[in-house]
Amino acid sequence: MQLENAVAIVTGAASGLGLATARRLLAGGAKVLLVDLESSEGAKLAAELGPHADFSAADVTDGPQMEAAVSKAHRLGAVRILVHCAGIGGSRRIVDKEGAPMPLDHFARIVNVNLIGTFNALRCAAAAISEAAPINGERGICILTASIAGYEGQIGQSPYAASKAGVIGLTICAARDLASRLIRVCTIAPGIMDTPMLGRLPEPVRAGLAASVPNPARLGLPEEYALLANQIIDNPYLNGETIRCDGALRMGFR
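Described below are features of the structure shown in this document. (Residues numbered from 1 in each chain as written. Predicted model: local features only at pLDDT ≥ 70, side-chain atom pairs only at ≥ 80, totals over all residues. Heavy atoms only, no water.)

Some words on the overall build of the protein
A tally of regular secondary structure across the protein gives eight helices and seven strands. Scaling as 2.2 N^0.38, a compact globule of 254 residues should have a C-alpha radius of gyration of about 18 Å, and the protein matches this with 18 Å. Over its C-alpha atoms, taken along the principal directions, the protein stretches across nearly 55 × 35 × 35 Å. Residue burial in the protein is summarised as follows: out of 254 residues, 50% are buried. Taking the contacts inside the protein whose residues are at least 6 apart along the sequence as the reference set, 69% of them involve residues at least 24 apart. Of the roughly 11900 Å² that the protein leaves accessible, carbon and sulfur atoms contribute 55%. For the protein, the separation between the mean place of its 23 positive charges and that of its 23 negative charges on side chains is 3 Å. (Helix = DSSP H or I, 4+ residues; strand = E, 2+ residues; numbered from the N terminus. Rg over C-alpha atoms; globule rule 2.2 N^0.38 Å. Buried < 20%, exposed > 50% of the residue type's maximum accessible area, 1.4 Å probe, protein only. Contact = heavy atoms within 4.5 Å. Areas by Shrake-Rupley, 256 points an atom, 1.4 Å probe, with all protein chains shown as cover. Lys, Arg positive; Asp, Glu negative; His and termini not counted. Charge placed at Lys NZ, Arg CZ, Asp CG, Glu CD.)

Considerations on the sheet that holds strand β6 (residues 183-190)
What the seven strands build is an open sheet, ordered β3-β2-β1-β4-β5-β6-β7; its pairing is parallel. Strand pairing shows two members of the sheet lacking a second neighbour, β3 (53-57) and β7 (242-245), which therefore form its edges. Put simply, the sheet's adjacent strands are angled 20° from each other on average, direction ignored. As judged from the five bridges shared by strand β1 (residues 7-11) and strand β2 (residues 31-36), these two strands associate in the parallel manner. Note on β2: the bridge partner recorded for Val-7 is Lys-31. Contacting β1, β4 (79-84), β5 (140-145) and β6, helix α4 (residues 104-129) crosses the sheet at an angle of about 170° to β4. (Pairing = 2+ DSSP bridges. Axes fitted to C-alpha atoms, helices over the stretch in contact; angles between N-to-C directions.)

Re helix α3 (residues 63-74)
Taking 1.5 Å as the rise per residue, α3 with twelve residues should run 16 Å; its terminal C-alpha atoms sit 17 Å apart, in good agreement. Regarding α3, the residues found buried are Gly-63, Met-66, Ala-69, Val-70 and Ala-73. For α3, the angular spread of buried residues about the axis comes to 130°, placing them on one side. Of the surrounding elements, those touching the buried residues of α3 are β1, β2, β3, β4 and α4. Of the residues that open α3, the one with a side-chain oxygen 2.9 Å from the backbone nitrogen of Gln-65 is Asp-62. (Expected span 1.5 Å × (residues − 1). Arc of directions from axis to C-beta. Polar contact = N/O pair within 3.5 Å; in protein donor to acceptor, adjacent residues only side chain to side chain.)

Here's the deal with the pattern of salt bridges
Note on pairing: side chains with opposite charge can pair once their charged atoms come close. Here the structure, examined in full by the defined rule, presents ten salt bridges. With its nearest N and O atoms 4.0 Å apart, the salt bridge here joins Lys-44 to Glu-41. Using a relative accessible area of 47% as the deciding quantity, one classes Glu-41 as partly exposed. Notably, a salt bridge pairs Glu-224 with Arg-218, separated by 2.6 Å at the nearest N-O pair. When its relative accessible area of 32% is taken as the criterion, Arg-218 is described as partly exposed. Bridged by salt links that share partners, the residues Glu-152, Arg-244, Asp-246 and Arg-250 form one connected network. (Salt bridge = Lys/Arg side-chain N within 4 Å of Asp/Glu carboxyl O.)

What to know about the layout of surface pockets
Taken as a whole, the largest pocket holds about 1400 Å³ of empty space. Taken together, 49 residues line the largest pocket, and the ones lying closest to its centre are Gly-87, Ile-88, Gly-89, Tyr-160 and Met-197. At the level of elements, α1 (16-27), β2, α4, α5 (158-177) and α6 (196-199) are the ones that each hand at least two residues to the lining of the largest pocket. (1 Å grid on protein atoms, 1.4 Å probe; cavity = no way out; pocket = protein on both sides within 12 Å on 5 of 7 lines; lining within 4 Å. Points joined across faces, edges and corners; volume = space filled by probe spheres on them.)

A look at the nonpolar core
Residues Leu-25 and Val-32 are the most contacted members of the largest nonpolar core, which totals 33 residues. Residues Val-79, Ala-128, Leu-170 and Ala-189 belong to the second largest nonpolar core, which totals 32 residues. (Core = buried A, V, L, I, M, F, W, Y, C linked by side-chain atoms within 4.5 Å.)

Looking at the side chain of Thr-145
In this fold, Thr-145 is placed in strand β5. A polar contact is formed between the side chain of Thr-145 and the backbone oxygen of His-84, at a distance of 2.7 Å. Ignoring sequence-local partners within four residues, the contact set of Thr-145 consists of Leu-17, His-84, Cys-85, Lys-164, Val-167, Thr-187, Ile-188, Pro-190 and Tyr-225.

As structure tokens, this is what we get:
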């Protein structure tokens, strides 16, 4: 899939993985619609990124808001790419130290944003990509974001791990479902990435996390996620696959 003049939708685009991806796609010649919450810096960033970037405020869990965002992307040209980076974390045990069960709302909120939000972005973008004329046998691609926690969730990560495992499970099914429309679907499962979420941790904790990665022994860079997304877009035979981007890290139980 050629980036030149293609319209890409990037969710969670106001920071971290999404912002790095938006920058990468713009550098490759794509037109990019940044999607993030209204409270984000998305509008300001889009203006800074230049005339081929635009912003749409949307909560990925909201059907009409995502549909409106995709309609706005349509005005930039033929929509061919989705890179869905929006997501949240949160650590709580199923039963806490006092013996109280995890609040159900905590589990539901994380699954709602990370899994249902992913499907919402996927369904809206895929419908738009379906309208594009095929180029060299494909209309476009949707790239989702899981996590290595979807394979090896740690203590306190039950909601997060379950939501990301759901994204991994969705990938091959969606790729098969959209094959007749010539739309590929792949997922990236990042390891410990140097995003704003980790930026709030104390430096000794960050250093310990970095040291746990076999090689290279450091936190992953958002630009490395963006590079992999670009490589997936570029390779037309990658489909239905979840690719780890984690420096060979296999997470322990805590």
